[in-house]
Amino acid sequence: MDFTVETATDAVVDSFRETKDQRLQQVMESLTRHLHDFVRDIEPTLEEWEEAIDFLTAVGQKCDDTRQEFVLLSDVLGVSMLVETMNGSEEGTESTVLGPFHMTESPSRELGDSIDLLGTGRLCVVSGRVLAADGTPLPDTELDVWQCSEDGFYDVQQPDVQPPGNGRGLFRTDDEGRFWFRTVVPSHYPIPTDGPVGRLLEATGRHPYRPAHVHFIAEAEGHQPVTTHVFVADSPYIDSDAVFAVKSGLIIEFAESDDEQEAQRHGVTAPFVHARFDIVLEPEASR
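Residues numbered from 1 in each chain as written. Predicted model: local features only at pLDDT ≥ 70, side-chain atom pairs only at ≥ 80, totals over all residues. Heavy atoms only, no water.

Colleague: What exactly am I supposed to notice about the overall build of the protein here?
Modeller: Helices and strands together make up the secondary structure of the protein, namely seven helices and 12 strands. Along the first, second and third principal axes, the C-alpha set of the protein runs to 80 × 45 × 30 Å. When burial is assessed residue by residue, the protein has 42% of its 287 residues classed as buried. Of the roughly 15800 Å² that the protein leaves accessible, carbon and sulfur atoms contribute 51%. Across the protein, 21 positive and 54 negative side-chain charges occur, with their mean positions spaced 2 Å apart. (Helix = DSSP H or I, 4+ residues; strand = E, 2+ residues; numbered from the N terminus. Buried < 20%, exposed > 50% of the residue type's maximum accessible area, 1.4 Å probe, protein only. Areas by Shrake-Rupley, 256 points an atom, 1.4 Å probe, with all protein chains shown as cover. Lys, Arg positive; Asp, Glu negative; His and termini not counted. Charge placed at Lys NZ, Arg CZ, Asp CG, Glu CD.)

Colleague: For this particular structure, what's the right way to read a nonpolar patch on the surface?
Modeller: Together, L31, L35, F38 and I42 make up a nonpolar patch on the protein surface, roughly 350 Å² of accessible area in all. Position of L31 among the secondary structure elements: in helix α2 (residues 22-42). Of the residues examined, L31 reaches a relative accessible area of 45% and is grouped as partly exposed. (Patch = residues over 30% accessible without salt bridge, like charges linked within 9 Å, V, L, I, M, F, W, Y side chains within 5 Å. Salt bridge = Lys/Arg side-chain N within 4 Å of Asp/Glu carboxyl O.)

Colleague: Would you take a moment to explain the packing of aromatic side chains for this structure?
Modeller: Each pair of aromatic rings is reported with the distance of its centres and the angle of its planes. Inspection of every chain in the model, using the stated rule, returns eight aromatic pairs. An angle of 55° between the planes, with centres 6.2 Å apart, marks the rings of F179 and F216 as tilted. A residue pair is termed long-range when its members are at least 10 positions apart, and F179 in strand β4 (residues 178-184) and F216 in strand β7 (residues 213-219) qualify at 37 residues. In this pair, the class of F179 matches that of F216, namely buried. One aromatic cluster is present, built from ring pairs that chain together F171, F179, F181, F216 and F277. (Phe/Tyr/Trp six-rings, centres within 6.5 Å; stacked < 30°, edge-to-face > 60°.)

Colleague: Sorry, what's going on with unusual backbone geometry here?
Modeller: One can expect most non-glycine residues to show negative phi and most peptide bonds to be in trans. With omega at 0°, the peptide bond leading from A270 into P271 counts as cis. Its place among the elements puts P271 in the loop between α7 (260-265) and β11 (272-276). With a phi close to 50°, E43 is a non-glycine residue in the positive phi region. With respect to the element layout, E43 can be found in the loop between α2 and α3 (46-61). Even without glycine at this site, F244 takes up a positive phi of about 65°.

Colleague: How should helix α1 (residues 8-15) be read in this particular structure?
Modeller: Side chains three or four residues apart in an α-helix point the same way, a direct result of the helix having 3.6 residues per turn. Listed as buried for α1 are A8, T9 and V13. Down the axis of α1, the buried set is contained in an arc of 120°. They therefore lie on one face. Turning to α1, the residues buried within the fold contact α2. (Arc of directions from axis to C-beta. Contact = heavy atoms within 4.5 Å.)

Colleague: What exactly am I supposed to notice about the pattern of salt bridges here?
Modeller: Opposite charge on two side chains permits them to pair, given that their charged atoms come into close proximity. According to the stated counting rule, one finds 16 salt bridges in the structure shown. Across the salt bridge formed by R17 and D14, the nearest N and O atoms sit 2.8 Å from each other. With relative accessibility at 51%, the residue R17 sits in the exposed group. Linking R210 and D241 is a salt bridge whose minimum nitrogen-to-oxygen distance equals 2.8 Å. Of this pair, R210 sits in strand β6 (residues 209-210) while D241 sits in the loop between β8 (226-232) and β9 (251-252); the two residues are 31 residues apart in sequence, bridging distant segments of the chain. One network of salt bridges, with partners in common, ties together K62, R67, E69 and D194.

Colleague: What exactly am I supposed to notice about the sheet that holds β7 here?
Modeller: In a beta sheet, neighbouring strands are held together by backbone hydrogen bonds and run either parallel or antiparallel to one another. Across the sheet, five strands lie side by side as β3-β2-β7-β8-β9; this open sheet has mixed pairing. Of all the strands in the sheet, the pair left with one neighbour each is β3 (168-172) and β9. Where β7 lies against β8, six bridges are found, and the strand directions are antiparallel. Residue pairing in the sheet places I217 in a bridge with T227 of β8. (Pairing = 2+ DSSP bridges.)

Colleague: Could you clarify how one ought to interpret the pairing of β11 in this entry?
Modeller: Counting buried positions along β11 gives four out of five residues, so the element sits mostly inside the fold. Examined bridge by bridge, strand β10 (residues 255-257) and β11 share three bridges and lie antiparallel to one another. Pairing of A255 across the sheet is with H274, part of β11.

Below you can see the structure in the form of structure tokens.
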């Protein structure tokens, strides 16, 4: 009763006092206080508040089985990377955003298989190991991999051009924790700009580009899983990723190799591009 600017926050916070889940109560109380402070700070007009509601409605309406506009909004506001960084590993490989295109299951593949189903682009071999924090190899680690094509598109963005599963693979490391697969060198690309998040970037004068990268999720028994990227060292936008995900420790040289023996081991012909890196997983009990 008698809801005012001064009494609003306490009234709403008090409404959550019977919440049985204590964590939920903490979240709702904090959200209410911060949101009310934000509203008092910017003092939106009724028209501006309606625009905000329309924007969030449009974000939700843009989501479907292969497009997650709310993830995209979280990414471009830096929230995704903030959450990842706060929950990231102290001993293992740095975590990064999942991104809006991990929306379809990666097909199971054998080590050495190619995830490039188009047969175009610069041939690339990606190899490395998955290790525990003490350097012990982790065999039978599940490694989920996905990336865009040489033209900067994921399979779900071009269903009439790319077959389902292009640029994706689900691998398991060998007895020595090693992994390797064939692909193409990915391209830098713009995040989708045909929705409300794209319009927000345009209105604020921000570019939509991401540097070239390959996504990974690594999961091994007894260890914390990690979601991460590796970034192509000389890619455009390496210093201005639209979703703030670049970390110096994740920038890798995708170097051209003339090594005939190495090429033969990986079932390719020289010259080819080779990217080598290791993924380190933190013990489960360390958190």
